[in-house]
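What follows is each chain in one-letter form.
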Amino acid sequence: MLEQKRELVTGIPGPASQRLLERRKDAISAGVGMAVPVFVAEGAGGILRDVDGNQLIDLGSGIAVTSVGVSDPDVVAAASRQAQAVTHTCFMVTGYEPYVALCERLNELVPGDGPKKSVLFNSGAEAVENAVKIARVATGKHQVAAVEHAYHGRTSLTMALTAKAMPFKRGFGPFTPGVVRVPTSYPLKDELDGEQAARRTITRLEAEIGAEDLAALIIEPIQGEGGFLVPAAGFLPALAQWCRNNGVVFIADEVQTGFCRTGDWFACEHEAVIPDLMTLAKGIADGFPVSAVTGRADLMDSVHVGGMGGTYGGNPVACAAALATIDKMASDDLNAAARRIEQVAREVLAPLLELHFVAELRGRGAMLALELIDSRTGQHLSDLARAVAARCAQLGVVVLTAGTHGNVIRLLPPLVIGEELLREGLGVLVEVLMEQELS
Ligand SMILES: *Cc1c(COP(=O)(O)O)cnc(C)c1O
């Protein structure tokens, strides 16, 4: 395995990455962004090694995907075996066992006592699209509510559900109709407790749509791209209860929060919230593209035969990778690992809370963020967040940004990262933030 050590042998980007950046510019649409200007040749555990031989500490996991580490050997072995046996048949043409096994596994893992079923797709956005389709068919209603700061993807329907214009929506409309936006819970800014925030949201739902016309409410239990917004306690349970009382399908989008990221298999479990449908992707398969909708069997079975599917959905290699990934999470207790990461991170990052531009350290498990706001002016410091992330990259640490205003530094380390490496990576972030002088 790659030595678990940060090491810089060239500047960032080095010459080999620079040559690839040139080729990238000539060959690839300018519309694709890039957070860290290096090209990775290898990875393992908490380290990414670039084409120049630089070793970077990974505090991003490819956006909460490689929770078991890039190219985990057991996942690679399972995927290789499956690739040698069957690469594809299309599950709508002939079946294969890994699809069935993964759905059985998800039905067991996802909270809820009643019978559950699953269906597999390729991406998070595709799972969200299909969860909405299921809710519409099951209820015979068509409106869908999403909250402020939401992120659900980049397809037409999921752009409509997503709140942030730049870069996700600008110029790409008109969007799918039938989507309404309602307030969320953002304790740092709204200063409402969970019950008050839920009442505000429910009042809006009742006044501006009405449960009679509302098929579903979709929400991320901790909002990801929106800036790792942890709702006040009681907010999610109250919304779930209102949905249950009013025949509205409660969809938990756990694409980013799922699979041990927050110290539970799913972030909903923290408050014992049981969604009707859950959307899953990112951490599910160590980077192999597969996603899922899992939920109440009666809803899942309300769709006519042939109504769900796709050429590649639930690809056998990706399913085998997912099963191996989930096995690893269970056998190595990565929920405990996520909680341990939170402890270490809160300890190392604590001094930052003294800085007048660090408004909050928030999140849960290995999903933590710092929101940068100038306490004197109230300004959202997006340039600072970007500069800090860029400086960290130069020093060999990958950190990502997020937030509707782009002023949030987010941490999503692989759950298998060693404690020493984690402390070192976080230490670099602390140093970089301490260096920032605000004019
Ligand atoms: C990333 C994400 C999506 C979209 O997933 P893709 O695989 O990029 O389509 C949807 N919902 C949430 C909460 C996400 O974080």
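Cut-off values and rules
- Residues numbered from 1 in each chain as written.
- Predicted model: local features only at pLDDT ≥ 70, side-chain atom pairs only at ≥ 80, totals over all residues.
- Heavy atoms only, no water.
- Salt bridge = Lys/Arg side-chain N within 4 Å of Asp/Glu carboxyl O.
- Helix = DSSP H or I, 4+ residues; strand = E, 2+ residues; numbered from the N terminus.
- Buried < 20%, exposed > 50% of the residue type's maximum accessible area, 1.4 Å probe, protein only.
- Domains from an automatic or database assignment.
- Contact = heavy atoms within 4.5 Å.
- Buried area = accessible area lost by both parts, 1.4 Å probe.
- Polar contact = N/O pair within 3.5 Å; in protein donor to acceptor, adjacent residues only side chain to side chain.
- Pairing = 2+ DSSP bridges.
- Axes fitted to C-alpha atoms, helices over the stretch in contact; angles between N-to-C directions.
- Left-handed = near helix turned anticlockwise from the far one by under 90°.
- Nonpolar A, V, L, I, M, F, W, Y, C, P; charged D, E, K, R; others polar.
- Near = heavy atom within 4 Å.
- Areas by Shrake-Rupley, 256 points an atom, 1.4 Å probe, with all protein chains shown as cover.
- Expected span 1.5 Å × (residues − 1).
- Core = buried A, V, L, I, M, F, W, Y, C linked by side-chain atoms within 4.5 Å.

K.L.:
I keep staring at the pattern of salt bridges and nothing clicks. Help me out?
P.N.:
Any two side chains of opposite charge can pair, on the condition that their charged atoms come close. Following the criterion strictly, the structure yields 24 salt bridges and no others. Residue Lys-117 is joined to Asp-301 by a salt bridge in which the shortest nitrogen-to-oxygen separation is 2.9 Å. With a gap of 184 residues between them, Lys-117 in strand E4 (residues 116–121) and Asp-301 in the loop between helix H10 (297–300) and helix H11 (316–331) connect regions that are remote in the sequence. Note on Lys-117: relative accessible area 37%, which makes it partly exposed. Looking at Asp-301, the relative accessible area reads 46%, which means it is partly exposed. Because the salt bridges share partners, they merge into one network encompassing Asp-72, Asp-74, Lys-328 and Asp-332.

K.L.:
Please clarify how the domain arrangement of the chain should be interpreted in this entry.
P.N.:
As a measure of interface size, the accessible area lost when the parts come together is often cited. Looking at the chain, the domain boundaries give domain 1 (15–58 + 333–438) and domain 2 (74–331). Relative to domain 2, the C-alpha centre of domain 1 lies at a distance of 26 Å. Between domain 1 and domain 2, the residue contacts involve 30 residues of the former and 28 residues of the latter. Taken over both partners, the interface formed by domain 1 and domain 2 buries close to 2,300 Å², and the fraction arising from carbon and sulfur atoms is 54%. Along the contact surface separating domain 1 from domain 2 lie two salt bridges. Between Lys-189 and Glu-371 there is a salt bridge, and its shortest N-O distance comes to 3.7 Å. The interface formed by domain 1 and domain 2 contains 17 residue pairs in polar contact (both at pLDDT 80 or more). Elements supplying a minimum of two residues to the side of domain 1 that touches domain 2: helix H12 (334–349), strand E11 (358–364), strand E12 (367–372) and strand E15 (408–411).

K.L.:
Just checking my understanding: could you explain the pairing of E11 for this structure?
P.N.:
Residues in a regular strand point their side chains to alternate faces of the sheet. By the criterion of burial, E11 is predominantly enclosed, with five of the seven residues buried. Between E11 and E12, which pair antiparallel in sequence order, lie two residues; one of them, Gly-365, sits at a positive phi of approximately 65°.

K.L.:
Can you walk me through the packing of helix H8 (residues 194–208) against helix H9 (residues 235–245) in this structure?
P.N.:
To characterise two packed helices, one gives the angle between the axes of the helices and the distance between these axes. Contact geometry for H8 and H9: axes closest at 8 Å, N-to-C directions at 35°. The chirality of how H8 crosses H9 is right-handed. Across the interface between the two elements, Gly-194, Ala-197, Ala-198, Thr-201, Ile-202, Leu-205 and Glu-206 from H8 touch Phe-235, Ala-238, Leu-239 and Trp-242 from H9. For the contact of H8 with H9, the residue count by class is eight nonpolar, two polar and one charged.

K.L.:
Honestly, the site of the ligand in this entry has me stumped. Any pointers?
P.N.:
Contacts to the ligand come from Ser-123, Gly-124, Ala-125, Tyr-151, His-152, Glu-220, Asp-253, Val-255, Gln-256 and Lys-282. In this structure, Asp-253 approaches the ligand through a side-chain N or O atom, which is 2.7 Å from a nitrogen atom. With respect to the ligand, the side chain of Gln-256 contributes an N or O atom lying 2.9 Å from an oxygen atom. Protein contacts shield 82% of the accessible area of the ligand, which totals 380 Å² for the unbound molecule. Along the lines of polarity and charge, the residues of the shell around the ligand split into three nonpolar, four polar and three charged.

K.L.:
What exactly am I supposed to notice about helix H5 (residues 124–139) here?
P.N.:
For the α-helix, the turn length of 3.6 residues means that residues three or four positions removed from each other point alike. In a regular helix each residue adds 1.5 Å, so 16 residues correspond to 22 Å; H5 covers 23 Å between its end C-alpha atoms and thus fits that length. Looking at H5, one finds that the buried residues are Gly-124, Ala-125, Ala-127, Val-128, Asn-130, Ala-131, Val-132, Ile-134 and Ala-135. Looking one or two residues past H5, Gly-140 carries a phi angle of roughly 70°, positive in sign.

K.L.:
Explanation requested: the sheet that holds strand E3 (residues 55–58) in the structure shown.
P.N.:
Across a sheet, strands are paired by hydrogen bonds formed along the backbone, either parallel or antiparallel in direction. Pairing in this open sheet of four strands is mixed, and the strands run E1-E2-E3-E13 from one edge to the other. Looking at which strands have only one partner, the edges of the open sheet turn out to be strand E1 (40–44) and strand E13 (397–398). Of the pairings in the sheet, the one linking strand E2 (residues 47–50) to E3 comprises three bridges and is antiparallel in character. Of the residues in E3, the one forming a bridge with Leu-48 is Leu-56. Relative to the sheet, helix H14 (residues 419–435) contacts E2, E3 and E13, its axis offset from that of E3 by approximately 90°.

K.L.:
Just checking my understanding: could you explain unusual backbone geometry for this structure?
P.N.:
Apart from glycine, the bulk of residues carry a negative phi angle, and the bulk of peptide bonds sit in the trans form. Cis peptide bonds are those with omega within 30 degrees of zero, and the linkage from Met-166 to Pro-167 qualifies with 5°. Along the chain, Gly-173 connects to Pro-174 via a cis peptide bond; the corresponding omega equals 0°. Residue position: Pro-174 is located in the loop between helix H6 (156–161) and strand E6 (179–182). Unusually for a residue other than glycine, Phe-228 sits at a positive phi of about 55°. Relative to the helices and strands, Phe-228 is located in the loop between strand E7 (214–219) and H9. Take Phe-228: its relative accessible area is 0%, and that puts it in the buried class.

K.L.:
Looking at this model, I keep getting lost on the nonpolar core. Mind explaining?
P.N.:
Across soluble globular proteins, you tend to see nonpolar side chains buried next to one another. Of all hydrophobic cores here, the largest spans 120 residues; its most connected members are Phe-259 and Leu-372. Considering each element in turn, this core owes the most residues, nine residues, to H11. Counting contributing residues per domain, this core is built from domain 1 (15–58 + 333–438) and domain 2 (74–331), each supplying no fewer than three. Once residues within four sequence positions are removed from consideration, Phe-259 is found in contact with Leu-106, Leu-109, Trp-265, Phe-266, Leu-280, Ala-281, Gly-283, Ile-284, Ile-326, Met-329 and Leu-415.

K.L.:
How should I be thinking about the side chain of Gln-82 in this particular structure?
P.N.:
The topology assignment puts Gln-82 in helix H3 (residues 73–85). What makes Gln-82 buried here is its relative accessible area of 15%. When near neighbours in sequence (up to four residues on either side) are disregarded, Gln-82 contacts Thr-87, Pro-98, Pro-316, Val-317 and Ala-320.

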